[in-house]
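Structural characterization, general
Chain by chain, the residues run as shown.
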Amino acid sequence: MQASPHFSAEQTTIDARLGHMRRCLAGLSIGDGLGRLIFTIPDLRLHRRVPDGTWCYSDDTRMALAIADNLARHGTVHQDELARQFAEDFLAQPERGYGAVAYYILHKIASGMHWREASTMVYSGRGSKGNGGAMRAPVVGAYFYDDLAMAVHESIKATEPTHAHPEGQAGAVAVAVAAALAVRVVLKHQPSQPAELFRQVIEHTPEGEVRRGLQRAAQLLDATPQQVGNELGTGVNVLAEDTVPLALWCALTTLHDYEEALWKTFNALQESEGDSDTLGAMVGGIVGLSAPDTVPPLWCDRVEPVNLDHGKK
């Protein structure tokens, strides 16, 4: 797999990378917080209404923020440090909505077990193929937007501490590449046609169920969100393979409109069945990069604040 050519020095400065990650985190946290409420208040999506009060984000944003901090410090994912930060964040706020498998793995890491051992203690040593790695991967693509091979490599590193299974890692790869492409669309280094975007994402995604789901998604560009959700899955099983294809369909077909992309995502759910906060985080993180000016100001005000210096000592 060939690394993408680097753009000009000005475009690849640290400040630019951090700016992309901040926009990504803003979009991701809104999608996460709104998605969390959509799950509990079904009428919101049916009438395209947003709830009052503060939208608290979940572990999706919490873990994405830890990755962003790690990249801001080192310019590459330091896995041991990242695993420790994941565990510390989990212990500090376990009510953020961590799934049962993540709860188990992070508890083991917090107890002193090395992440390589902890991540392979589940599913008979095969590791998790859940969507947790993918939900936090947009920030990796935002940082490595100019080098798709690096986005692939670093997204796997950011996923391995909790998801040892190749499918869990493949989901993160696909989302990270999509996020990188979203930045490149804005910079005019990448065509915005969904078919071409899907082609590149699929090209970089390892063989397996996630890739096959993306190939099906690429054939459904003219379908309705409900049809696509029925065909691809809506995260009911909390697996990368039944979450990432729908998320990328919603994002890559609506890169120009953040609000529409999220409503499209939530309208794909059937009777509110699906991993709405994770879908919202993925789509929000990607489209927050390509269309930040279309994020409703009210939504920005409602979501719980996110600061990139989270976790710094």
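Residues numbered from 1 in each chain as written. Predicted model: local features only at pLDDT ≥ 70, side-chain atom pairs only at ≥ 80, totals over all residues. Heavy atoms only, no water.

1. A closer look at helix H13 (residues 225-232)
Those residues of H13 that fall on the buried side of the exposure criterion are Pro 225, Val 228, Gly 229 and Leu 232. The buried residues of H13 occupy an angular sector of 100 degrees when projected down its axis, which confines them to one face. Buried residues belonging to H13 abut helix H12 (209-217), helix H14 (244-252) and helix H15 (258-267). In the segment just after H13, Gly 233 is the residue with positive phi, at about 100 degrees. (Buried < 20%, exposed > 50% of the residue type's maximum accessible area, 1.4 Å probe, protein only. Helix = DSSP H or I, 4+ residues; strand = E, 2+ residues; numbered from the N terminus. Arc of directions from axis to C-beta. Contact = heavy atoms within 4.5 Å.)

2. Description of the pattern of salt bridges
Pairs can form between side chains of opposite charge once their charged atoms are near each other. Evaluation of the coordinates by the stated rule reveals 13 salt bridges. For Glu 81, the salt bridge is made with Arg 73, and the minimal N-O distance between the two is 3.0 Å. Relative accessible area serves as the criterion here: at 33%, Arg 73 is assigned to the partly exposed category. Of the charged contacts in the structure, one is a salt bridge between Arg 199 and Glu 196, with a shortest N-O distance of 2.8 Å. Here Arg 199 and its partner Glu 196 are both found in helix H11 (residues 194-204), three residues apart, which amounts to about one turn of the helix. Within the structure, one salt-bridge network assembled from shared partners comprises Glu 196, Arg 199 and Glu 203. (Salt bridge = Lys/Arg side-chain N within 4 Å of Asp/Glu carboxyl O.)

3. Here we look at helix H9 (residues 148-159)
In this model H9 runs 16 Å from its N-terminal to its C-terminal C-alpha over twelve residues, within 8% of the 16 Å that 1.5 Å per residue would give. With respect to burial, H9 is a largely interior element, nine of its twelve residues being buried. Listed in full, the buried residues belonging to H9 are Leu 148, Ala 149, Ala 151, Val 152, Glu 154, Ser 155, Lys 157, Ala 158 and Thr 159. Put simply, Asp 147 is the residue that caps the front of H9, since its side-chain oxygen is 3.2 Å from the backbone nitrogen of Ala 149. (Expected span 1.5 Å × (residues − 1). Polar contact = N/O pair within 3.5 Å; in protein donor to acceptor, adjacent residues only side chain to side chain.)

4. Observations regarding the packing of aromatic side chains
For any two aromatic rings, the description comes down to two numbers: the centre-to-centre distance and the angle of the planes. Counted under the stated rule, the structure contains seven aromatic pairs. Here Tyr 258 and Trp 299 contribute two aromatic rings whose centre-to-centre distance is 6.3 Å and whose plane-to-plane angle is 65 degrees, an arrangement assigned as edge-to-face. Here Tyr 258 is found in helix H15, whereas its partner Trp 299 is found in helix H17 (residues 297-302), with 41 residues between them in sequence. The exposure class assigned to Tyr 258 is buried, which follows from its relative accessible area of 0%. (Phe/Tyr/Trp six-rings, centres within 6.5 Å; stacked < 30°, edge-to-face > 60°.)

5. What about unusual backbone geometry?
If you check the backbone angles, Arg 48 has positive phi at about 50 degrees while not being a glycine. Among the secondary structure elements, Arg 48 is positioned in the loop between helix H2 (43-47) and helix H3 (59-74). Of the residues examined, Arg 48 reaches a relative accessible area of 40% and is grouped as partly exposed. Even without being glycine, Lys 188 reaches a positive phi, approximately 65 degrees. Locating Lys 188 in the fold gives a position in the loop between helix H10 (166-186) and H11.

6. Observations concerning the nonpolar core
Formed by 97 residues in total, the largest nonpolar core has its most connected members in Phe 198, Val 201, Leu 214, Val 244, Leu 248 and Ile 286. Ranked by residue count, the leading element in this core is H10, at 14 residues. If near-sequence neighbours (up to four positions away) are discounted, Leu 248 is found in contact with Ala 174, Val 175, Ala 178, Phe 198, Val 201, Leu 214, Thr 253 and Ile 286. (Core = buried A, V, L, I, M, F, W, Y, C linked by side-chain atoms within 4.5 Å.)

7. Focus: the state of the cysteines
Following the criterion strictly, the structure yields zero disulfides and no others. Cys 24 provides the cysteine sulfur closest to Cys 250, a residue in no disulfide bond, and the two sulfurs are 17 Å apart. In this structure Cys 250 comes out as buried when scored by relative accessible area, which is 0%. The thiol of Cys 300 is not disulfide-bonded; the next cysteine sulfur, from Cys 24, is found 14 Å away. (Disulfide = S-S within 2.5 Å.)

8. What to know about the side chain of His 204
Mapped onto the fold, His 204 is located in helix H11. The class of His 204 is buried, set by a relative accessible area of 6%. Within the structure, His 204 has its side chain in polar contact with the backbone oxygen of Gln 200 (distance 2.8 Å).

9. Considerations on the packing of H13 against H14
For any two helices packed against each other, the geometry is given by the interaxial angle and the distance between the axes. H14 packs onto H13 with a crossing angle of 155 degrees between their chain directions and a minimal axis gap of 9 Å. Regarding the angle of H13 to H14, the classification is roughly antiparallel. Between H13 and H14 lies a crossing of right-handed hand. Only Pro 245, Leu 246 and Trp 249 of H14 make contact with H13, whose side of the interface consists of Pro 225, Val 228, Gly 229 and Leu 232. Taken together, the residues of the contact of H13 with H14 break down into six nonpolar, one polar and no charged. (Axes fitted to C-alpha atoms, helices over the stretch in contact; angles between N-to-C directions. Parallel < 35°, antiparallel > 145°, perpendicular 65-115°, else oblique. Left-handed = near helix turned anticlockwise from the far one by under 90°. Nonpolar A, V, L, I, M, F, W, Y, C, P; charged D, E, K, R; others polar.)

This is a description of form; function is not addressed.
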